[in-house]
Amino acid sequence: MHRIRYVNLSVKDKNLKKAYLNSLNKIFNHGIFILGPEVDQLEKKLANFCNRKYAVATGSGTDALYLAIKSLDLKQNDEIITTPMSWVSSTNAISLNNVKPVFVDVKDDLNIDVNKIEKMITKKTKAILFVNFTGKICDIKSLRKIAKKYKLKLIEDAAQSFGSRKYGSPSGSFGDISCFSLNPMKVLHSLGEAGIVLTDSKKIYEKIKILRYAGTVNKENCYFPSLNFKIDTIQAAFVLNNLKNLNKKIFIRNKNAQYYIENLNNKIKLPVINKNEIHSFYSFTIVAPKRDELKDYLIKYGIETKIQHPILIPNQKAYKNKKNKDKLKNANILVKKILCLPINENLKFKDLKYIVSKVNNFYR
Ligand SMILES: Cc1ncc(COP(=O)(O)O)c(C=O)c1O
(Lines give C-alpha, C1' and ligand atoms only; values in the text may rest on other atoms or scores of the structure.)
Protein backbone atom coordinates (compact mmCIF):
# COMPACT_ATOMS: atom_id res chain seq x y z
CA MET A 1 0.00 0.00 0.00
CA HIS A 2 1.11 3.55 -0.75
CA ARG A 3 2.08 5.04 2.61
CA ILE A 4 2.37 8.79 3.21
CA ARG A 5 3.52 10.08 6.55
CA TYR A 6 2.46 13.53 7.67
CA VAL A 7 6.12 14.47 8.04
CA ASN A 8 9.33 12.52 8.06
CA LEU A 9 12.02 14.42 9.89
CA SER A 10 14.91 12.03 9.22
CA VAL A 11 17.80 13.81 7.50
CA LYS A 12 18.20 12.26 4.04
CA ASP A 13 19.74 15.10 2.04
CA LYS A 14 23.47 14.35 1.93
CA ASN A 15 24.52 17.99 1.54
CA LEU A 16 22.39 19.09 4.46
CA LYS A 17 23.76 16.29 6.62
CA LYS A 18 27.29 17.38 5.71
CA ALA A 19 26.48 21.00 6.58
CA TYR A 20 25.04 19.95 9.95
CA LEU A 21 28.14 17.87 10.70
CA ASN A 22 30.44 20.74 9.68
CA SER A 23 28.59 23.03 12.08
CA LEU A 24 28.94 20.48 14.86
CA ASN A 25 32.66 20.19 14.20
CA LYS A 26 33.07 23.94 14.44
CA ILE A 27 31.25 23.95 17.75
CA PHE A 28 33.32 21.02 19.07
CA ASN A 29 36.39 23.09 18.23
CA HIS A 30 35.35 26.36 19.85
CA GLY A 31 33.61 24.62 22.76
CA ILE A 32 31.11 27.40 23.51
CA PHE A 33 28.01 25.25 23.83
CA ILE A 34 25.85 27.92 25.44
CA LEU A 35 25.35 31.36 23.85
CA GLY A 36 28.20 30.67 21.43
CA PRO A 37 28.93 32.75 18.31
CA GLU A 38 26.26 30.88 16.32
CA VAL A 39 23.59 32.26 18.68
CA ASP A 40 24.77 35.78 18.00
CA GLN A 41 24.77 35.09 14.24
CA LEU A 42 21.28 33.62 14.37
CA GLU A 43 19.93 36.59 16.29
CA LYS A 44 21.45 39.03 13.79
CA LYS A 45 20.24 37.04 10.76
CA LEU A 46 16.67 36.60 11.95
CA ALA A 47 16.38 40.21 13.13
CA ASN A 48 17.55 41.25 9.69
CA PHE A 49 15.24 38.80 7.90
CA CYS A 50 12.26 40.14 9.85
CA ASN A 51 13.24 43.84 9.60
CA ARG A 52 13.66 44.08 13.36
CA LYS A 53 16.22 45.87 15.48
CA TYR A 54 16.67 43.23 18.16
CA ALA A 55 16.43 39.48 18.65
CA VAL A 56 16.90 37.16 21.62
CA ALA A 57 17.09 33.44 20.85
CA THR A 58 15.49 31.20 23.46
CA GLY A 59 15.16 27.55 24.42
CA SER A 60 11.75 27.24 22.74
CA GLY A 61 8.83 29.14 21.25
CA THR A 62 7.05 28.77 24.57
CA ASP A 63 10.01 30.45 26.30
CA ALA A 64 9.86 33.23 23.72
CA LEU A 65 6.17 33.92 24.42
CA TYR A 66 6.60 33.67 28.17
CA LEU A 67 9.48 36.17 28.15
CA ALA A 68 7.68 38.50 25.75
CA ILE A 69 4.79 38.83 28.19
CA LYS A 70 7.06 38.91 31.25
CA SER A 71 8.94 41.87 29.79
CA LEU A 72 5.76 43.98 29.82
CA ASP A 73 5.61 44.04 33.65
CA LEU A 74 1.88 43.40 33.75
CA LYS A 75 -0.06 43.14 37.00
CA GLN A 76 -2.10 40.28 38.36
CA ASN A 77 -5.65 40.51 36.96
CA ASP A 78 -4.52 42.39 33.87
CA GLU A 79 -5.97 40.85 30.73
CA ILE A 80 -4.61 39.80 27.36
CA ILE A 81 -6.96 39.16 24.47
CA THR A 82 -6.12 36.06 22.48
CA THR A 83 -7.41 33.28 20.25
CA PRO A 84 -8.86 29.96 21.42
CA MET A 85 -7.44 28.23 18.36
CA SER A 86 -3.73 27.64 18.83
CA TRP A 87 -1.26 25.38 20.51
CA VAL A 88 -1.82 25.68 24.26
CA SER A 89 1.53 27.44 24.78
CA SER A 90 0.05 30.71 23.49
CA THR A 91 -2.30 30.88 26.46
CA ASN A 92 -0.06 29.14 29.01
CA ALA A 93 2.46 31.93 28.48
CA ILE A 94 -0.25 34.42 29.49
CA SER A 95 -1.51 32.46 32.51
CA LEU A 96 1.94 31.73 33.88
CA ASN A 97 2.55 35.48 33.95
CA ASN A 98 -0.52 35.75 36.27
CA VAL A 99 -2.44 37.54 33.56
CA LYS A 100 -5.97 36.55 32.51
CA PRO A 101 -6.44 35.25 28.96
CA VAL A 102 -9.62 36.60 27.34
CA PHE A 103 -10.61 34.53 24.33
CA VAL A 104 -12.14 36.03 21.20
CA ASP A 105 -13.74 33.90 18.47
CA VAL A 106 -12.05 33.11 15.16
CA LYS A 107 -13.08 33.77 11.57
CA ASP A 108 -13.32 31.11 8.87
CA ASP A 109 -9.61 31.60 8.11
CA LEU A 110 -9.02 30.23 11.65
CA ASN A 111 -7.45 33.48 12.88
CA ILE A 112 -8.79 35.82 15.58
CA ASP A 113 -11.92 37.71 14.48
CA VAL A 114 -10.82 41.33 14.74
CA ASN A 115 -14.43 42.55 14.55
CA LYS A 116 -15.16 40.86 17.87
CA ILE A 117 -12.16 42.23 19.77
CA GLU A 118 -13.34 45.73 20.73
CA LYS A 119 -16.31 44.60 22.76
CA MET A 120 -14.00 42.40 24.87
CA ILE A 121 -11.66 45.25 25.82
CA THR A 122 -11.86 46.41 29.44
CA LYS A 123 -9.77 48.73 31.60
CA LYS A 124 -7.64 45.71 32.48
CA THR A 125 -6.81 44.83 28.88
CA LYS A 126 -3.12 45.43 28.23
CA ALA A 127 -2.31 43.50 25.09
CA ILE A 128 -3.54 41.37 22.21
CA LEU A 129 -1.68 38.13 21.61
CA PHE A 130 -2.56 37.08 18.07
CA VAL A 131 -1.52 33.83 16.45
CA ASN A 132 -0.77 33.46 12.75
CA PHE A 133 -2.42 30.06 12.78
CA THR A 134 -1.38 27.53 10.10
CA GLY A 135 1.13 30.17 8.87
CA LYS A 136 -1.50 32.66 7.70
CA ILE A 137 -0.90 36.18 8.99
CA CYS A 138 -3.81 37.80 10.86
CA ASP A 139 -5.66 40.96 9.81
CA ILE A 140 -2.79 43.11 10.95
CA LYS A 141 -4.14 46.46 9.76
CA SER A 142 -7.24 46.12 11.95
CA LEU A 143 -5.20 44.79 14.88
CA ARG A 144 -2.92 47.81 14.67
CA LYS A 145 -5.89 50.20 14.58
CA ILE A 146 -7.40 48.64 17.70
CA ALA A 147 -4.06 48.52 19.51
CA LYS A 148 -3.46 52.20 18.77
CA LYS A 149 -6.96 53.27 19.80
CA TYR A 150 -6.83 51.47 23.16
CA LYS A 151 -3.05 51.74 23.75
CA LEU A 152 -2.52 48.00 23.78
CA LYS A 153 0.66 46.08 23.04
CA LEU A 154 0.58 43.62 20.16
CA ILE A 155 2.27 40.29 20.74
CA GLU A 156 2.68 38.24 17.57
CA ASP A 157 2.74 34.51 18.10
CA ALA A 158 4.46 33.76 14.82
CA ALA A 159 5.41 30.22 15.88
CA GLN A 160 3.77 28.82 12.75
CA SER A 161 4.43 31.59 10.27
CA PHE A 162 8.15 31.99 9.64
CA GLY A 163 8.57 33.04 6.00
CA SER A 164 4.98 34.25 5.55
CA ARG A 165 4.53 37.86 4.42
CA LYS A 166 1.72 40.40 4.28
CA TYR A 167 1.69 43.79 2.53
CA GLY A 168 5.34 43.12 1.68
CA SER A 169 6.46 42.70 5.30
CA PRO A 170 7.58 39.49 6.95
CA SER A 171 5.89 37.65 9.75
CA GLY A 172 7.89 38.53 12.84
CA SER A 173 7.63 42.24 12.04
CA PHE A 174 4.02 42.73 13.11
CA GLY A 175 4.07 42.74 16.91
CA ASP A 176 5.55 45.15 19.41
CA ILE A 177 7.08 41.81 20.30
CA SER A 178 7.08 38.84 17.92
CA CYS A 179 7.87 35.25 18.83
CA PHE A 180 8.88 32.23 16.77
CA SER A 181 9.14 28.58 17.60
CA LEU A 182 11.98 26.83 15.80
CA ASN A 183 11.10 23.27 16.76
CA PRO A 184 11.55 20.50 14.16
CA MET A 185 7.95 20.68 12.89
CA LYS A 186 8.33 24.31 11.86
CA VAL A 187 9.21 25.50 8.34
CA LEU A 188 12.39 27.09 9.75
CA HIS A 189 13.62 24.72 12.41
CA SER A 190 16.31 23.40 14.69
CA LEU A 191 16.85 19.71 15.44
CA GLY A 192 15.41 19.99 18.92
CA GLU A 193 13.93 22.84 20.92
CA ALA A 194 14.52 26.48 20.03
CA GLY A 195 12.72 29.79 19.66
CA ILE A 196 13.36 33.51 19.26
CA VAL A 197 11.85 36.85 20.33
CA LEU A 198 12.05 39.93 18.09
CA THR A 199 11.35 43.57 18.88
CA ASP A 200 12.32 47.13 17.97
CA SER A 201 12.21 48.28 21.59
CA LYS A 202 15.62 48.52 23.24
CA LYS A 203 13.98 48.48 26.66
CA ILE A 204 12.09 45.25 25.98
CA TYR A 205 15.14 43.68 24.35
CA GLU A 206 17.36 44.42 27.31
CA LYS A 207 14.79 43.13 29.77
CA ILE A 208 14.31 39.88 27.85
CA LYS A 209 18.06 39.33 27.61
CA ILE A 210 18.30 39.60 31.39
CA LEU A 211 15.26 37.37 31.95
CA ARG A 212 16.70 34.72 29.61
CA TYR A 213 19.71 34.20 31.86
CA ALA A 214 18.22 33.73 35.36
CA GLY A 215 17.53 37.46 35.63
CA THR A 216 21.21 38.32 35.64
CA VAL A 217 23.24 41.19 34.25
CA ASN A 218 26.87 40.31 33.44
CA LYS A 219 26.10 36.72 34.43
CA GLU A 220 26.52 37.17 38.20
CA ASN A 221 24.27 40.06 39.28
CA CYS A 222 20.65 39.01 39.57
CA TYR A 223 18.25 41.91 38.95
CA PHE A 224 14.94 39.99 38.70
CA PRO A 225 14.14 36.42 39.70
CA SER A 226 13.95 34.38 36.51
CA LEU A 227 14.69 30.92 35.14
CA ASN A 228 16.97 29.65 32.38
CA PHE A 229 15.60 30.23 28.87
CA LYS A 230 18.83 30.05 26.82
CA ILE A 231 19.11 28.38 23.42
CA ASP A 232 21.84 25.78 22.81
CA THR A 233 24.59 26.90 20.43
CA ILE A 234 24.14 23.63 18.51
CA GLN A 235 20.48 24.35 17.83
CA ALA A 236 21.27 27.88 16.67
CA ALA A 237 23.79 26.42 14.20
CA PHE A 238 21.20 23.97 12.81
CA VAL A 239 18.71 26.80 12.30
CA LEU A 240 21.38 28.84 10.48
CA ASN A 241 21.88 25.92 8.09
CA ASN A 242 18.17 25.56 7.50
CA LEU A 243 17.73 29.25 6.78
CA LYS A 244 19.58 28.64 3.51
CA ASN A 245 16.84 26.29 2.25
CA LEU A 246 13.90 28.34 3.45
CA ASN A 247 12.86 29.95 0.16
CA LYS A 248 13.00 26.65 -1.69
CA LYS A 249 10.87 24.98 0.97
CA ILE A 250 8.24 27.69 0.89
CA PHE A 251 8.17 27.55 -2.90
CA ILE A 252 7.55 23.78 -2.87
CA ARG A 253 4.94 24.03 -0.11
CA ASN A 254 3.09 26.64 -2.18
CA LYS A 255 3.24 24.42 -5.26
CA ASN A 256 1.79 21.55 -3.23
CA ALA A 257 -0.91 23.84 -1.83
CA GLN A 258 -1.79 25.05 -5.32
CA TYR A 259 -2.24 21.48 -6.50
CA TYR A 260 -4.58 20.78 -3.60
CA ILE A 261 -6.51 24.01 -4.19
CA GLU A 262 -6.99 23.23 -7.87
CA ASN A 263 -7.97 19.61 -7.42
CA LEU A 264 -9.67 18.94 -4.11
CA ASN A 265 -13.43 18.39 -3.95
CA ASN A 266 -15.41 21.57 -3.36
CA LYS A 267 -17.25 20.13 -0.35
CA ILE A 268 -14.09 20.98 1.57
CA LYS A 269 -13.22 24.55 2.60
CA LEU A 270 -9.69 25.28 1.52
CA PRO A 271 -7.14 27.83 2.70
CA VAL A 272 -7.46 31.13 0.85
CA ILE A 273 -4.35 33.01 -0.23
CA ASN A 274 -5.01 36.71 -0.73
CA LYS A 275 -3.19 38.87 -3.28
CA ASN A 276 -1.17 40.80 -0.72
CA GLU A 277 0.18 37.82 1.19
CA ILE A 278 2.66 34.98 1.01
CA HIS A 279 1.68 31.91 3.01
CA SER A 280 4.52 29.67 4.20
CA PHE A 281 2.08 26.76 4.63
CA TYR A 282 3.27 25.48 7.96
CA SER A 283 0.12 23.42 7.59
CA PHE A 284 -2.46 22.93 4.85
CA THR A 285 -5.55 22.94 7.03
CA ILE A 286 -8.86 22.11 5.42
CA VAL A 287 -12.31 22.47 6.96
CA ALA A 288 -13.85 19.13 6.16
CA PRO A 289 -17.38 17.83 6.68
CA LYS A 290 -17.34 14.40 8.40
CA ARG A 291 -13.74 15.17 9.42
CA ASP A 292 -13.22 12.17 11.72
CA GLU A 293 -14.58 9.71 9.14
CA LEU A 294 -12.36 11.28 6.48
CA LYS A 295 -9.31 10.97 8.73
CA ASP A 296 -10.06 7.26 9.39
CA TYR A 297 -10.73 6.66 5.69
CA LEU A 298 -7.40 8.20 4.69
CA ILE A 299 -5.43 6.21 7.25
CA LYS A 300 -6.94 3.01 5.78
CA TYR A 301 -5.25 4.05 2.54
CA GLY A 302 -1.95 4.79 4.27
CA ILE A 303 -2.35 8.58 4.40
CA GLU A 304 -1.44 10.17 7.72
CA THR A 305 -3.12 13.48 8.56
CA LYS A 306 -3.14 15.62 11.73
CA ILE A 307 -5.67 17.60 13.67
CA GLN A 308 -3.85 20.70 14.81
CA HIS A 309 -5.30 21.16 17.42
CA PRO A 310 -8.30 19.03 18.39
CA ILE A 311 -9.16 20.86 21.63
CA LEU A 312 -9.79 24.60 21.85
CA ILE A 313 -7.61 26.08 24.56
CA PRO A 314 -10.53 27.28 26.73
CA ASN A 315 -11.91 23.71 26.57
CA GLN A 316 -8.68 22.24 27.91
CA LYS A 317 -8.87 20.90 31.48
CA ALA A 318 -6.48 23.65 32.58
CA TYR A 319 -8.90 26.41 31.49
CA LYS A 320 -12.32 24.78 31.51
CA ASN A 321 -13.59 26.33 34.71
CA LYS A 322 -12.69 29.86 33.73
CA LYS A 323 -15.54 32.01 32.44
CA ASN A 324 -15.24 33.65 29.02
CA LYS A 325 -17.66 36.29 27.73
CA ASP A 326 -17.41 35.34 24.06
CA LYS A 327 -19.03 31.95 23.49
CA LEU A 328 -16.55 31.22 20.68
CA LYS A 329 -19.27 29.86 18.44
CA ASN A 330 -17.29 29.68 15.23
CA ALA A 331 -14.21 28.20 16.89
CA ASN A 332 -16.34 25.48 18.49
CA ILE A 333 -17.75 24.54 15.08
CA LEU A 334 -14.45 24.73 13.20
CA VAL A 335 -12.44 22.72 15.72
CA LYS A 336 -14.55 19.67 14.83
CA LYS A 337 -13.82 20.06 11.12
CA ILE A 338 -10.17 21.07 10.79
CA LEU A 339 -7.74 18.59 9.32
CA CYS A 340 -4.15 19.10 8.17
CA LEU A 341 -3.17 17.27 4.99
CA PRO A 342 0.51 16.48 4.37
CA ILE A 343 2.12 19.53 2.73
CA ASN A 344 5.84 19.13 3.39
CA GLU A 345 8.51 19.67 0.75
CA ASN A 346 9.47 15.97 0.54
CA LEU A 347 6.16 14.87 -0.94
CA LYS A 348 6.31 13.56 -4.50
CA PHE A 349 3.77 14.52 -7.16
CA LYS A 350 2.42 10.95 -7.05
CA ASP A 351 1.82 11.38 -3.29
CA LEU A 352 -0.22 14.53 -3.84
CA LYS A 353 -2.20 12.87 -6.64
CA TYR A 354 -2.89 9.88 -4.42
CA ILE A 355 -4.03 12.07 -1.50
CA VAL A 356 -6.32 14.13 -3.73
CA SER A 357 -7.84 11.02 -5.34
CA LYS A 358 -8.56 9.40 -1.96
CA VAL A 359 -10.02 12.59 -0.42
CA ASN A 360 -12.22 13.14 -3.47
CA ASN A 361 -13.31 9.47 -3.46
CA PHE A 362 -14.45 9.91 0.14
CA TYR A 363 -16.81 12.72 -0.84
CA ARG A 364 -18.08 11.05 -4.03
C1 LIG B 1 1.11 28.72 17.71
C2 LIG B 1 2.18 28.17 18.58
N3 LIG B 1 2.57 28.87 19.64
C4 LIG B 1 3.56 28.44 20.44
C5 LIG B 1 4.22 27.24 20.21
C6 LIG B 1 5.26 26.78 21.15
O7 LIG B 1 6.51 26.58 20.56
P8 LIG B 1 7.53 25.52 21.15
O9 LIG B 1 6.99 24.15 20.87
O10 LIG B 1 8.80 25.80 20.39
O11 LIG B 1 7.68 25.78 22.58
C12 LIG B 1 3.86 26.47 19.09
C13 LIG B 1 4.54 25.21 18.81
O14 LIG B 1 4.05 24.29 18.26
C15 LIG B 1 2.80 26.94 18.26
O16 LIG B 1 2.41 26.26 17.18
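Quantities reported herein were computed from a predicted structural model and do not represent experimental measurements.

A few words now on the overall build of the protein chain. Scanning the protein chain for helices and strands turns up 11 helices and 14 strands. Computed over the C-alpha atoms, the radius of gyration of the protein chain is 21 Å, within 12% of the 21 Å expected from 2.2 N^0.38 for a compact globule of 364 residues. Each principal axis of the C-alpha distribution contributes one length, and for the protein chain these read about 65 × 55 × 35 Å. Taken over 364 residues, the protein chain has a buried fraction of 43%. The long-range share in the protein chain, meaning contacts at least 24 apart out of those at least 6 apart in sequence, stands at 70%.

This part is about the site of the ligand. Around the ligand, the structure places 14 residues, and the nearest of them are Ser60, Gly61, Thr62, Ala159 and Ser181. Within the residue set of the shell around the ligand, elements represented by two or more residues are helix H3 (61-70) and helix H4 (89-95). Along the lines of polarity and charge, the residues of the shell around the ligand split into three nonpolar, 10 polar and one charged.

A few words on H3. Counted residue by residue, H3 has nine buried out of 10 residues, so it is predominantly covered. Of the positions making up H3, those classed as buried are Gly61, Thr62, Asp63, Ala64, Leu65, Tyr66, Leu67, Ala68 and Ile69.

Counting buried positions along strand E9 (residues 195-199) yields five of five residues, so the element is predominantly enclosed. Where burial is concerned, the two faces of E9 agree: the one with Gly195, Val197 and Thr199 and the one with Ile196 and Leu198 are both buried. Sheet analysis places strand E1 (residues 54-58) next to E9, joined by five bridges and oriented antiparallel. The partner of Thr58 across the bridge, within E9, is Gly195. The sheet contact formed by strand E8 (residues 177-181) and E9 spans five bridges and is antiparallel. When the sheet's bridge partners are listed, Cys179 is paired in E9 with Val197.

So, on to the sheet that holds strand E2 (residues 79-82). Adjacent strands of a sheet pair through backbone hydrogen bonds, lying either parallel or antiparallel. Across the sheet, seven strands lie side by side as E1-E9-E8-E5-E4-E2-E3; this open sheet has mixed pairing. A single partner strand is all that each edge strand has here, and the edge strands are E1 and strand E3 (100-103). Strand-to-strand, the axes of this sheet are offset by a mean angle of 20°, without reference to chain direction. Summarising the sheet, strand E5 (residues 153-157) and E8 pair through three bridges and their orientation is parallel. Paired with Asp157 across the strands is Cys179, a residue of E8. Along the sheet face, H3 touches E1, E5, E8 and E9 and points at about 165° away from the line of E8. In the packing of helix H5 (residues 140-150) onto the sheet, contacts are made with strand E4 (125-131) and E5, and the angle to E4 comes to roughly 170°.

Let us now look at unusual backbone geometry. The residue after Gln308, namely His309, is reached through a cis peptide bond having omega 5°. Along the chain, His309 turns up in the loop between helix H9 (291-300) and helix H10 (329-334). A positive phi angle, near 70°, is found at Thr134, a position not held by glycine. Along the chain, the position of Thr134 falls in the loop between E4 and H5.

Here the focus is the domain arrangement of the protein chain. The domain architecture assigned to the protein chain consists of domain 1 (14-243) and domain 2 (246-363). Taking only C-alpha atoms, the centre of domain 1 and the centre of domain 2 are 24 Å apart. At the level of elements, E3, strand E6 (165-166) and helix H7 (233-243) are the ones that each hand at least two residues to the side of domain 1 that touches domain 2. Tallied by class, the residues present in the side of domain 1 that touches domain 2 amount to 16 nonpolar, nine polar and nine charged.

Time to look at the sheet that holds E6. Across the sheet, three strands lie side by side as E7-E6-E12; this open sheet has antiparallel pairing. Pairing within the sheet leaves two strands with one partner each, and these edge strands are strand E7 (169-170) and strand E12 (277-278). By the bridge criterion, two bridges tie E6 to E7 in an arrangement that is antiparallel. Note on E7: the bridge partner recorded for Lys166 is Ser169.

Moving on: the environment of Val287. Its place among the elements puts Val287 in strand E13 (residues 284-287). The exposure class of Val287 is partly exposed, given the 18 C-beta atoms found within 10 Å. Expressed as a C-alpha distance, the spacing of Val287 and Lys269, which sit 18 residues apart in the sequence, is 4.9 Å. Once residues within four sequence positions are removed from consideration, Val287 is found in contact with Ile268, Lys269, Leu334, Lys337 and Ile338.

By size, the foremost hydrophobic cluster in this structure holds 94 residues, and its most contacted members are Ala57, Ala68, Ile69, Cys179, Ile196 and Val197. In terms of residues, this core owes the most to one element, H3, which gives six residues. Here this core spans two domains, since at least three of its residues come from each of domain 1 (14-243) and domain 2 (246-363). Setting aside chain neighbours within four positions, we find Ala68 in contact with Ile155, Ile177, Cys179 and Val197.

Turning our attention to the packing of helix H2 (residues 37-49) against H7. Helix-helix packing is characterised by the crossing angle of the two axes and by the distance between the axes. Running from amino to carboxyl end, H2 crosses H7 at an angle of 40°, the nearest separation of the two axes being 8 Å. Taken together, the axis directions place H2 and H7 in an arrangement best described as oblique. For the pair H2 and H7, the crossing hand works out as left-handed. Residue-level contacts link Glu38, Val39, Gln41, Leu42 and Lys45 of H2 to Thr233, Ala236, Ala237, Val239, Leu240 and Leu243 of H7. Along the lines of polarity and charge, the residues of the contact of H2 with H7 split into seven nonpolar, two polar and two charged.

Parameters at a glance
- Residues numbered from 1 in each chain as written.
- Predicted model: local features only at pLDDT ≥ 70, side-chain atom pairs only at ≥ 80, totals over all residues.
- Helix = DSSP H or I, 4+ residues; strand = E, 2+ residues; numbered from the N terminus.
- Rg over C-alpha atoms; globule rule 2.2 N^0.38 Å.
- Buried ≥ 20, exposed ≤ 12 C-beta atoms within 10 Å, placed from the backbone.
- Contact = placed C-beta atoms within 7 Å.
- Near = placed C-beta within 6 Å.
- Nonpolar A, V, L, I, M, F, W, Y, C, P; charged D, E, K, R; others polar.
- Pairing = 2+ DSSP bridges.
- Axes fitted to C-alpha atoms, helices over the stretch in contact; angles between N-to-C directions.
- Domains from an automatic or database assignment.
- Core = buried A, V, L, I, M, F, W, Y, C linked by C-beta atoms within 7 Å.
- Parallel < 35°, antiparallel > 145°, perpendicular 65-115°, else oblique.
- Left-handed = near helix turned anticlockwise from the far one by under 90°.

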